[in-house]
Amino acid sequence: MRRPSASLLLPAAAILLVVACSTNKDAFLNRTFHRLVARDNGWFNANEKLNETVAAMQKAHVDDYDQVLPIFVNGTEAEARTMTPDLETCIEKCSTVIDRHAMEIGGKERNTWIDDAWFVIGKSNFYKRNYFDALRTFDYISRRYKGQDKQMEARLWLARTAIELEQYAKAQTTLDEIKNQKQLPKHFPADQLSAVQADLDLRRGKVDEAIVSLEHALSIASQKKERIRWTFILAQLYQMKGLQDKAIAAYNKVTRMGPPYEMGFHAQIFQALALSHGNSKAIRQKLARMLRDEKNKDHYDMIHYALAELDLRENQRDHAIAELKLSTRTSTVDTRQKGKSFLKLADLFFDDKKYPPAQQYYDSTRTLLAEDNPRFAEVTTRAEVLGDLVEQLSIIAREDSLQAFAKLDPEEREKRIRKLIREREQQEAEQKQAAEDARQVLASTPLTPAGAPGTPGSGGAWYFYNPAQLSRGLADFRKKWGNRPNDDDWRRADKSGTALVDVAPEEAPDTAATAKGTDGNEPAWKKPESYLKDIPTDQAALDSSNTRICKAMYLAGMIYKEKLKDVDNAIESFQVLNDRFDDCRYTPEAYYQLYRIYLAKEQAGNFMDFGGASSQHYADIIMERWPGSEFARLVQNPGQLQADEAARIAEDKAYQDLYQQYKDGAYRGVIATCDAVLGDQPRNHLLPKYGLLKAMAIGSLRLTGPFRDALVNVRDRWPGTDEARAAMALLANLDQKATGQAPPPPKDEGPAYALPSGEHYVVLIVPDSAGPIARITAAISDFNNRYFRNQPIEVKATVWNPGNQMITMRTFADRQKALAYFDQFRTNKGDLAGINDGGFPFFAISSANYPLFYKAKDTEGYANFFDAHYLKAQ
């Protein structure tokens with residue numbers, strides 16, 4: 001039998017291929033062809049790229065071990081932007097698979113790989129953080145492809161997407177639908193179902209339910225990486241609920257599972273932190289071994305912190321403080337841990353009422369703590385309050401030191417000054433030698449590797465002209481020192497240069513005068529006479545010094561009492577003031593504050609009068625020494641303070657009601673009421689406001705002469721107030737009109753823009769100096785093709801005005817999509833260099849507002865509208 005010739009086989013194969021290409025025929029050959037091509041040509045490559053992209057993101061992701069780790073690593077906004085080009089490729093490939101190989105015949109999809117292609121599109125949108133698109137895609141898969149492999153898994157990812165959108169009820173309903181299925185597909189990830197439930201429980205604050213779900217997920221988990229992560233999270237949840245033994249066991253289990261270095265290290269540290277009872281010897285030995293391991297060098301600070309926690313639980317407070325100080329000194333790159341150590345030290349000193357060191361540590365913490373940290377506002381407030389306190393204490397110490405120096409005989413004074421100069425000379429010499437040693441090290445080991453001129457990646461630029469190197473250097477600096485201000489001598493605690501005493505900021509000598517002598521060569525600190533200029537050598541100078549001490553003592557006492565709620569230190573500060581200064585400016589107030597403190601103690605109960613320390617004791621002194629004062633009035637009627645506050649509240653409300661009458665046009669009634677208040681209520685704290693309101697009501701009646709007289713009365717009766725300044729401005733305006741000068745024309749407020757809705761454009765206005773417009777539009781088009789490949793965006797340039805052109809990117813379906821493009825465009829670092837970093841006007845605008853904006857050429861006005869209704873609304 002003869003074999004068929006090639007001339008017959010090739011046409012036959014071509015005919016079969018043409019027949020098989022049809023997507024409208026439900027035949028074995030057609031189904032096989034399209035399934036094979038869909039799987040191996042498009043879906044496989046897209047799915048592999050998706051998995052590689054997500055795996056790379058998860059590998060580079062840095063976990064925050066100060067928080068309970070997320071069950072799933074979905075990526076941050078910055079990571080999503082990095083992944084976008086690859087994810088767009090995945091979407092494009094799978095869209096092509098669906099367009100060319102879908103076989104919807106008789107209402108049913110015959111190509112079993114189409115739901116897989118949709119699934120890749122949904123996951124790609126999820127990792128792009130386009131959650132609404134992902135939600136629609138997963139919902140479509142679950143409804144359209146019922147009974148196919150991806151239906152239930154799409155429902156699972158629908159729940160994950162709803163969780164990210166904080167649609168928790170919808171997520172729970174979806175999970176319940178999956179759980180209620182009689183039978184799930186063979187390859188359905190049941191462990192993921194329990195993990196998603198645990199994630200939802202955690203987001204809703206249901207820790208107990210999350211523990212149960214995560215325990216079940218672990219019992220059936222198939223992948224080692226997930227078992228390690230979920231075990232660590234379970235240990236964190238046990239620790240959160242106070243189940244310390246379970247937490248320690250789970251952390252110990254993590255260390256034996258072969259975890260990544262960071263997770264394994266933190267598991268060992270958290271074991272120590274979870275120990276609340278029993279013998280800590282074994283844990284201490286483990287931590288000591290970790291300190292001897294060189295690979296833990298960058299985490300020595302965390303180990304010392306853990307040892308400090310153990311010391312605190314065993315009431316070894318001094319040793320704990322020493323370990324925390326070691327933690328801060330051994331810190332290398334982990335600024336978060338350094339901030340924790342500073343904060344713990346600050347809290348310990350604060351609890352011990354050692355406020356100066358507490359202030360220093362709170363201030364250091366503030367430079368390292370993230371603004372979204374729950375304690376950021378508290379730390380900032382404490383640093384500022386304690387800063388005010390330390391300032392007053394420094395004034396007291398400074399003035400006492402100067403007075404003590406003044407009492408020395410001239411010979412002893414000169415001897416002390418020479419000693420101070422010698423100490424300063426030694427300090428300067430040590431600093432100079434350290435700087436010289438550092439220069440020699442740099443000279444012997446030049447920095448030529450990455451980024452140096454002539455080396456790969458440098459572009460031949462010197463270090464300080466290389467943005468990448470500058471950014472890296474800045475990042476390294478911040479890792480070690482935090483967000484320090486750009487100040488001279490930022491590492492020095494004493495920047496004043498004085499060797500005798502700390503100079504208070506408001507009294508600091510002129511820097512230029514003290515840095516050098518009159519000859520411009522010798523520093524002032526080398527001259528003995530510079531140490532004597534602030535010494536109170538006569539009675540007038542001594543009185544002035546005592547006045548500063550008295551004021552500082554009173555202010556310190558008020559900070560203790562009102563801001564720190566530390567009545568013991570407040571009492572001491574006020575009593576020392578009274579004992580030391582019998583009749584200074586603040587003596588009556590100090591006695592009154594002591595009266596208020598002891599009155600509050602007596603009213604709280606459980607107070608015993610020892611040695612005359614009682615409210616009555618201080619009340620008697622006030623009535624005897626200052627009988628006609630405001631303090632005497634308050635002592636005679638202790639409830640007067642509360643009554644005064646109630647009166648102020650009532651006065652505020654009465655004024656607001658009257659102001660509303662003014663706004664309603666009842667000018668004559670307002671004038672009558674103001675006259676009554678001004679005449680009958682001399683103690684009303686809002687008298688200047690009533691005076692100005694009366695003047696404004698008169699002006700509204702077009703009574704120019706009486707209007708001017710009323711303004712003059714406000715100016716002269718209440719000088720220095722805001723109302724007096726407003727009256728002066730109005731008088732100046734009246735004078736301008738009287739001279740015949742026309743007032744400046746009112747500023748055009750621009751068009752009235754509608755609230756954002758409907759289709760949107762994104763607009764960029766660039767000056768001609770930015771370069772050829774064709775180059776800019778080409779760069780934007782390349783950016784669109786890379787990051788928004790599957791979204792048709794038209795780029796159009798038009799003349800805006802002489803010297804500027806407007807580039808319009810359109811059209812976006814709604815405000816959210818326009819803002820997503822706006823954010824991606826604005827934060828792009830490489831593709832749009834020189835375009836998005838030039839400070840050019842850039843915003844999103846609705847198609848309804850666009851004609852108004854274009855006609856009015858209202859760049860500034862619309863920029864304000866965009867800021868208020870788009871950016872701030874986010």
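Below: a short report on this structure. Source: prediction; values computed, not measured.

1. What about the overall build of the chain?
Secondary structure summary: the chain contains 35 helices and six strands in total. Counting only residues that meet the buried cut, the chain has 40% of its 874 residues in that class. Nonlocal contacts in the chain, meaning residues at least 24 apart in sequence, comprise 61% of its contacts between residues at least 6 apart. For the chain, the accessible surface area stands at approximately 48500 Å², while carbon and sulfur atoms represent 52% of it.

2. Digging into the pattern of salt bridges
When the charged atoms of two side chains lie near each other, side chains of opposite charge can form a pair. Counted under the stated rule, the structure contains 48 salt bridges. A salt bridge links Lys-150 to Glu-153, with the shortest nitrogen-to-oxygen separation between them at 3.4 Å. Of this pair, Lys-150 and Glu-153 both sit in helix α6 (residues 150-164), separated by three residues, roughly a single helical turn. Summarising the burial analysis for this pair, Lys-150 and Glu-153 share the class buried. Where Asp-566 meets Lys-353, a salt bridge forms, and the shortest distance between an N and an O atom there is 3.1 Å. Placement of Asp-566 in the loop between α22 (539-563) and α23 (567-580) and of Lys-353 in the loop between α16 (335-351) and α17 (355-368) is noted, with a sequence separation of 213 residues between them. Residue class for Lys-353 comes out partly exposed when judged on its relative accessible area of 39%. Among the ionic contacts, a cluster of salt bridges with common partners joins Asp-64, Asp-66, Arg-336 and Lys-340.

3. A look at the state of the cysteines
If you walk through the whole model with that rule in mind, you get one disulfide. The residue that forms a disulfide with Cys-550 is Cys-584, at a sulfur-sulfur distance of 1.8 Å. Of this pair, Cys-550 sits in helix α22 while Cys-584 sits in the loop between α23 and α24 (587-604), and the two are 34 residues apart along the sequence. The cysteine Cys-94 is free of any disulfide, with Cys-90 supplying the nearest cysteine sulfur at 7.0 Å.

4. Description of the sheet that holds strand β6 (residues 842-846)
With respect to topology, four strands assemble into an open sheet ordered β4-β5-β3-β6, the strand pairing being antiparallel. Two strands in the sheet have a free side with no partner beyond their single neighbour: β4 (794-801) and β6. In this sheet, adjacent strand axes meet at a mean angle of 30 degrees when their direction is disregarded. Against the sheet, helix α35 (residues 859-871) engages β3 (760-767), β4 and β6, with an angle of about 80 degrees to β6.

5. Quick notes on the pairing of β3
Among the eight residues that make up β3, seven are buried, leaving the element largely enclosed by the rest of the structure. Where β3 meets strand β5 (residues 804-812), seven bridges bridge the pair, whose relative direction is antiparallel. Following the sheet pairing, Pro-767 is matched in β5 by Asn-804. With five bridges joining them, β3 and β6 adopt antiparallel strand pairing.

6. Examining the environment of Ile-535
Within the element layout of this structure, Ile-535 appears in the loop between α21 (511-515) and α22. Sequence separation between Ile-535 and Ala-404 is 131 residues, and the spatial gap between their C-alpha atoms is 9.2 Å.

7. Some remarks on the packing of aromatic side chains
Taken as a whole, this structure holds 53 aromatic pairs when the rule is applied. Aromatic side chains Phe-822 and Phe-866 sit 5.2 Å apart centroid to centroid with 65 degrees between the ring planes, which places their arrangement in the edge-to-face category. Residue Phe-822 is located in helix α33 (residues 815-827), and its partner Phe-866 is located in helix α35; the two are separated by 44 residues in the primary sequence. A single burial state applies to Phe-822 and to Phe-866, both of which are buried. The residue whose ring lies beneath Arg-160 is Phe-72, and the NZ or CZ to ring-centre distance is 4.0 Å. The ring of Tyr-586 carries the charged tip of Arg-585 above its face, separated from the ring centre by 4.7 Å.

8. What about the side chain of Thr-777?
Residue position: Thr-777 is located in helix α32 (residues 773-787). Relative accessible area serves as the criterion here: at 18%, Thr-777 is assigned to the buried category. For Thr-777, the residues in contact, after removing those within four places along its chain, are Val-795, Ala-797 and Ile-807.

9. Some points on the pairing of β4
Relative to β5, β4 is paired through seven bridges, and the arrangement is antiparallel. Within β5, the residue paired with Lys-796 across the bridge is Thr-808. A loop of two residues connects β4 with β5, the two strands running antiparallel in sequence, and Gly-803 in this loop sits at a positive phi of about 100 degrees.

10. Structural notes on unusual backbone geometry
Residue Arg-810 is joined to Thr-811 through a cis peptide bond whose omega torsion reads 5 degrees. In this structure, Thr-811 sits in strand β5. Even without being glycine, Lys-353 reaches a positive phi, approximately 60 degrees.

11. So, the environment of Glu-262
With respect to the helices and strands, the residue Glu-262 is situated in helix α12 (residues 261-274). Given the relative accessible area of 34%, Glu-262 is considered partly exposed. It is 9.7 Å that separates the C-alpha atoms of Glu-262 and His-299, two residues lying 37 residues apart in sequence. For Glu-262, the contacting residues outside a window of four places in its chain are Tyr-65 and His-299. There is a polar contact of 2.9 Å between the side chain of Glu-262 and the side chain of His-299.

Rules of the game
- Residues numbered from 1 in each chain as written.
- Predicted model: local features only at pLDDT ≥ 70, side-chain atom pairs only at ≥ 80, totals over all residues.
- Heavy atoms only, no water.
- Helix = DSSP H or I, 4+ residues; strand = E, 2+ residues; numbered from the N terminus.
- Buried < 20%, exposed > 50% of the residue type's maximum accessible area, 1.4 Å probe, protein only.
- Contact = heavy atoms within 4.5 Å.
- Areas by Shrake-Rupley, 256 points an atom, 1.4 Å probe, with all protein chains shown as cover.
- Salt bridge = Lys/Arg side-chain N within 4 Å of Asp/Glu carboxyl O.
- Disulfide = S-S within 2.5 Å.
- Pairing = 2+ DSSP bridges.
- Axes fitted to C-alpha atoms, helices over the stretch in contact; angles between N-to-C directions.
- Phe/Tyr/Trp six-rings, centres within 6.5 Å; stacked < 30°, edge-to-face > 60°.
- Lys NZ or Arg CZ within 6 Å of the ring centre and 35° of its normal.
- Polar contact = N/O pair within 3.5 Å; in protein donor to acceptor, adjacent residues only side chain to side chain.

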